[in-house]
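So the chains spell out like this:
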Amino acid sequence: MLTQPNNTSRDLAPDVLRGFALLGILLVNIPFMALSSEEGVRGEWVNGGANSIATFLMVGLFQGKFYLLFSFLYGYSSQYIVKGEKVNRRRWLKRCLALMLIGAFHFTFFWHGDILFGYGFLGLFLTFFLFRSDRALKIWSIILYSFFVLLLLTIATLTIVAEQRNPSQFAIIDSKMDQLMLGGSYFDTLAPRAELWALGFFGSGLLLQGGFAFVAFILGIKAAKNHALRLDSNYFNPRRLMKIGFVIGLPIQLTLAGLYVWNEMQSQPSEAMYLAIIVFSFMTAPILTSGYIGAVIRILQVRPAVLERIKFAGKMSLTTYLTQSIIMTLIFGNWGLGLFQKLDFWIVFLIAISIWLLQIRFSEFWITKYQQGPLERLMSRLTTTRKVN
């Protein structure tokens, strides 16, 4: 029997969805820590039956979908910070600056694909949308989504033209970071890691992911204002979301994943085709993401025990996210176990799932004992204004 949450209880669905999103983010991130710092799972790493299946699942089910879910929840959680009162705008700005600070630490010392700095940076612009009407939020989300779709289609078209004129300029090469992961010291990687982050953030980060992430922020605000993720809410129809996501979105994503695997298994993969697949995958990812949201809500409504424990990772998502990076660098870096480029992707895929499952158990232990994750506590201290007696 479904227990209706009261107005003071913490909603279950956002925490479970956040914990679930951490799995997808880890599965997409780990190839860049284990196989190729710049390319991820491409080329030779896709070859072989098990590697092809793992790549197909990663691209089809996870890539481009879960950062959107995480972004949606970021926008959703903004309403817990501002609480509908403009006086809390300052706390939101402090939170964004704190995220940028933690993100800078993260991409400097652990993971060049950090999203925290970007979330904090884009969160500053989100301030202008925190108190907009539902209608304004809807209009802005349509305008921004359309703009970034046209932008990415233009980039993909130009890439196709450029590849036809000079195919050699798109060859996949090993990066300096790869060489250091194989034989360098930890401190040798600091500068190349920051360089990779800068290239990613100002390149594909803002263009490919930033625009769609910001749209998800806006939709998250709109959903939060309507208490959409309360299990007794009628804002979302879970079954309808599941039909749209799994009947329409899933076949699209699996088709694109099949094309991705096929292209990468060619003797000379087409960079233009690779980019086109990524662009169309990210453009249509919200459809499948909505199916995931509907499925999680529906399961929590009828059988909450199936997913309820994932909430612990969601409650300390910032700590869990950074811990993933620490674990990965210790497993794959030359200063740790030194397994970089030593394992097939299907094994790396299973390692990611194992890390996530262990993090859920650890999060349950930590939250039960301390009620709040260590980085969540730090964030609270950095952003909460204390009264002076």
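None of the values given here were measured: they were computed from a predicted structure.

S.K.: Please give an account of the overall build of the chain that cites residues and values.
M.R.: The secondary structure content of the chain amounts to 14 helices and zero strands. Across the 389 residues of the chain, 52% fall into the buried class. As displayed, the chain has an accessible area near 18,500 Å², and 64% of this comes from carbon and sulfur atoms. Where the 35 positive side-chain charges of the chain centre and where its 20 negative ones centre are 15 Å apart.

S.K.: Tell me what's going on with the nonpolar core, and back it up with residues and numbers.
M.R.: It is characteristic of soluble globular proteins that their nonpolar side chains tend to be buried jointly. One finds Phe72, Leu126, Phe212, Leu229, Phe236, Ile293 and Phe332 to be the most contacted residues of the largest nonpolar core, which totals 110 residues. Non-local contacts of leucine 229, meaning those with residues more than four positions away in its chain, are made with Ala13, Pro14, Leu17, Phe72, Leu73, Tyr76, Phe236, Ile293 and Ile297. Counting five residues, the second-largest nonpolar core is a separate cluster that includes Met100, Phe107, Phe117 and Phe201.

S.K.: Run through the packing of aromatic side chains, naming residues and quoting values.
M.R.: Inspection of the entire model under this criterion finds 39 aromatic pairs. Residues phenylalanine 117 and tryptophan 197 carry aromatic rings whose centres are separated by 5.2 Å and whose planes lie at 85 degrees to one another, so their mutual orientation is edge-to-face. Of this pair, phenylalanine 117 sits in helix α5 (residues 116-126) while tryptophan 197 sits in helix α8 (residues 190-225), and the two are 80 residues apart along the sequence. The aromatic ring of tyrosine 274 is capped on one face by arginine 42, whose charged end is 3.6 Å from the ring centroid.

S.K.: Provide a residue-level description of the pattern of salt bridges, including the pertinent values.
M.R.: One pass over the structure, following the stated rule, counts seven salt bridges. A salt bridge links arginine 18 to aspartate 15; the nearest nitrogen and oxygen atoms lie 3.0 Å apart. In this pair, arginine 18 and aspartate 15 are both assigned in helix α1 (residues 12-34), three residues apart and thus about one turn of the helix distant. For the pair shown, arginine 18 and aspartate 15 are each scored as buried.

S.K.: Just give me the short version of the environment of valine 161, but keep the residues and values in it.
M.R.: By secondary structure assignment, the location of valine 161 is in helix α6 (residues 134-165). The spatial distance from the C-alpha of valine 161 to the C-alpha of serine 281 is 20 Å, given a sequence separation of 120 residues.

S.K.: Got a sec to walk through the side chain of lysine 65? Specific residues and values, please.
M.R.: Locating lysine 65 in the fold gives a position in the loop between α2 (49-62) and α3 (66-82). Buried and unpaired, lysine 65 has glutamate 264 as its nearest opposite-charge partner, separated by 15 Å. Engagement of the side chain of lysine 65 in a polar contact is seen with the backbone oxygen of valine 59, the distance being 2.7 Å. Among the polar contacts made by the side chain of lysine 65, one reaches the main-chain carbonyl oxygen of glycine 60 at a distance of 3.2 Å. Lysine 65 has contacts with Val59, Gly60, Gln253, Ser281, Ala285, Leu288, Thr289 and Tyr292, leaving out every residue within four places of it along the chain.

S.K.: Any details on α3? Residues and values, ideally.
M.R.: Along its 17 residues, α3 runs 25 Å from first to last C-alpha, staying within 8% of the 24 Å computed at 1.5 Å per residue. The buried fraction of α3 is high, at 16 of 17 residues. The first or second residue beyond α3 is lysine 83, which carries a positive phi of 55 degrees.

Conventions and cut-offs
- Residues numbered from 1 in each chain as written.
- Predicted model: local features only at pLDDT ≥ 70, side-chain atom pairs only at ≥ 80, totals over all residues.
- Heavy atoms only, no water.
- Helix = DSSP H or I, 4+ residues; strand = E, 2+ residues; numbered from the N terminus.
- Buried < 20%, exposed > 50% of the residue type's maximum accessible area, 1.4 Å probe, protein only.
- Areas by Shrake-Rupley, 256 points an atom, 1.4 Å probe, with all protein chains shown as cover.
- Lys, Arg positive; Asp, Glu negative; His and termini not counted.
- Charge placed at Lys NZ, Arg CZ, Asp CG, Glu CD.
- Core = buried A, V, L, I, M, F, W, Y, C linked by side-chain atoms within 4.5 Å.
- Contact = heavy atoms within 4.5 Å.
- Phe/Tyr/Trp six-rings, centres within 6.5 Å; stacked < 30°, edge-to-face > 60°.
- Lys NZ or Arg CZ within 6 Å of the ring centre and 35° of its normal.
- Salt bridge = Lys/Arg side-chain N within 4 Å of Asp/Glu carboxyl O.
- Polar contact = N/O pair within 3.5 Å; in protein donor to acceptor, adjacent residues only side chain to side chain.
- Expected span 1.5 Å × (residues − 1).

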